[in-house]
Structures are given as C-alpha cells and as structure tokens.
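Each chain, written out:
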Amino acid sequence: QVQLVESGGGLVQAGGSLRLSCAASGRTFSTYAVGWFRQTPGKEREFVAYISTSGGSTDYTTSVKGRFTISRDNAKNTVYLQMNSLKPEDAAVYYCAANNLVGTYYSHWSYNYWGQGTQVTVSS
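Everything numeric here is computed off the predicted structure, so don't read it as measured data.

1. Comments concerning the overall build of the protein chain
Regarding its fold elements, the protein chain presents zero helices and 11 strands. Each helix and strand of the protein chain, ordered N terminal to C terminal, gives the series β-β-β-β-β-β-β-β-β-β-β. Taking 2.2 N^0.38 as the reference for a compact globule, 124 residues should give roughly 14 Å; the C-alpha atoms of the protein chain span a radius of gyration of 13 Å, in line with that estimate. When its C-alpha atoms are laid out on the principal axes, the protein chain stretches across 40 × 30 × 25 Å. The proportion of buried residues among the 124 residues of the protein chain is 44%. Within the structure as shown, the protein chain displays about 6,400 Å² of accessible surface, and the carbon and sulfur contribution to it stands at 47%. Charged side chains of the protein chain number 10 positive and 7 negative; the gap between the two group centres comes to 5 Å.

Spelled out as structure tokens, the structure:
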C-alpha cells in the first residue's frame, strides 16, 4: 500500500505558475504509476497528467499540453506537477493518485490510492 499527500496549491493570477507535489510513503513507490486529476464542484473528476513507474512515459490531457509538466523523483518518493501559463479554467482541487498496475491511465477508476487534494485558484 501507499499513502499520498498533495501540497503546493494556492492562489495565482492568470498566466502565473504553481508546482504541485505529491509525497508518497512506502518502500515500493517506484513500482507505482501516478496520475494527476482535478475536480470542480458538480463536475466529474478530470484526468490531467500521467507518469509511468520510471518516469519514462508521460501523457497529458489536451488542454494542458505545453503548459504542464509531470515528473517524479523516486529517491524522494515524490511526483511533481509543474503548471505554467495558468488559466482560470485550470482552477480546481487537484488530486494525485497511484496504482501498481495501471492500464487506462486516464481513468480515475484505474487508481487505488488517492491523496486528500490541494486547491488551485486562478484569478483573472
């Protein structure tokens, strides 16, 4: 099992940047793929970014490509989401999620473990 804690959210003006962190417990973190999802009230949880166990494979939802970058440092048991050129529509609660076996990585149903979420607010 693995436990996840997100941090780094906050208030930022449109065009600004934030870096979210997902800190994980567990000796086998390097065997877990990780996804970032976001959710606003009344809407379904939306896939944002994915990274494979080694970091060798990544993917993003179309709306954030070129602006967001996911990375991981397995030695620190941490996954990051660098968010640049933020837009008001990026505002949401951001969650990281993990599983040791992920096929359809863009589906929240593929992940067993979730953090508590961190709020990102973007002002215009």
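2. A look at the nonpolar core
If you look at the biggest cluster of nonpolar residues, it comprises 28 residues, and the most contacted ones within it are Trp36, Phe68, Leu81, Met83 and Tyr94. Broken down by secondary-structure element, the contributors of at least two residues to this core are strand E3 (18–24), strand E4 (33–39), strand E5 (46–51), strand E7 (68–73), strand E8 (78–83), strand E9 (92–99) and strand E11 (118–123). In this view, Phe68 contacts Arg38, Val48, Tyr60, Leu81, Gln82, Met83, Asn84, Leu86, Asp90 and Tyr94; residues no more than four positions away in its chain are not counted. The next biggest cluster of nonpolar side chains, apart from the first, holds seven residues, and it includes Phe37, Phe47, Ala97 and Tyr111.

3. Observations regarding the state of the cysteines
In a disulfide, the sulfur atoms of two cysteines are covalently bonded to one another. Enumeration according to the criterion identifies one disulfide in this entry. The disulfide bridge from Cys22 ends at Cys96, spanning 2.0 Å between sulfur atoms. The S-S bond linking Cys22 to Cys96 shows a torsion near 65°; that makes this disulfide right-handed. Here Cys22, found in strand E3, pairs with Cys96, found in strand E9; they are 74 residues apart in sequence, far enough to count as distant.

4. Description of the side chain of Thr118
By secondary structure assignment, the location of Thr118 is in strand E11. A distance of 3.1 Å separates a polar atom in the side chain of Thr118 from the backbone nitrogen of Gly9. Ignoring sequence-local partners within four residues, the contact set of Thr118 consists of Glu6, Ser7, Gly8, Gly9, Leu20, Ala92, Val93 and Tyr94.

5. Considering the pattern of salt bridges
Pairing of side chains with opposite charge becomes possible as their charged atoms draw close. One pass over the full model with this rule turns up three salt bridges. For the salt bridge of Asp90 with Arg38, the shortest nitrogen-to-oxygen distance reads 3.0 Å. Highlighted residues: Asp90 in the loop between E8 and E9 and Arg38 in strand E4, separated in sequence by 52 residues. The same class applies to Asp90 as to Arg38, namely buried. When the shortest N-O distance is used, the salt bridge between Arg67 and Asp90 registers 2.7 Å. Taken together, the residues Arg67 in the loop between strand E6 (58–60) and E7 and Asp90 in the loop between E8 and E9 connect sequence positions 23 residues apart. Taking the relative accessible area as the measure of exposure, Asp90 reaches 1% and is therefore buried. Among the charged side chains, a network of salt bridges with common partners joins Arg38, Glu46, Arg67 and Asp90.

What counts and how
Residues numbered from 1 in each chain as written. Predicted model: local features only at pLDDT ≥ 70, side-chain atom pairs only at ≥ 80, totals over all residues. Heavy atoms only, no water. Helix = DSSP H or I, 4+ residues; strand = E, 2+ residues; numbered from the N terminus. Rg over C-alpha atoms; globule rule 2.2 N^0.38 Å. Buried < 20%, exposed > 50% of the residue type's maximum accessible area, 1.4 Å probe, protein only. Areas by Shrake-Rupley, 256 points an atom, 1.4 Å probe, with all protein chains shown as cover. Lys, Arg positive; Asp, Glu negative; His and termini not counted. Charge placed at Lys NZ, Arg CZ, Asp CG, Glu CD. Core = buried A, V, L, I, M, F, W, Y, C linked by side-chain atoms within 4.5 Å. Contact = heavy atoms within 4.5 Å. Disulfide = S-S within 2.5 Å. Polar contact = N/O pair within 3.5 Å; in protein donor to acceptor, adjacent residues only side chain to side chain. Salt bridge = Lys/Arg side-chain N within 4 Å of Asp/Glu carboxyl O.

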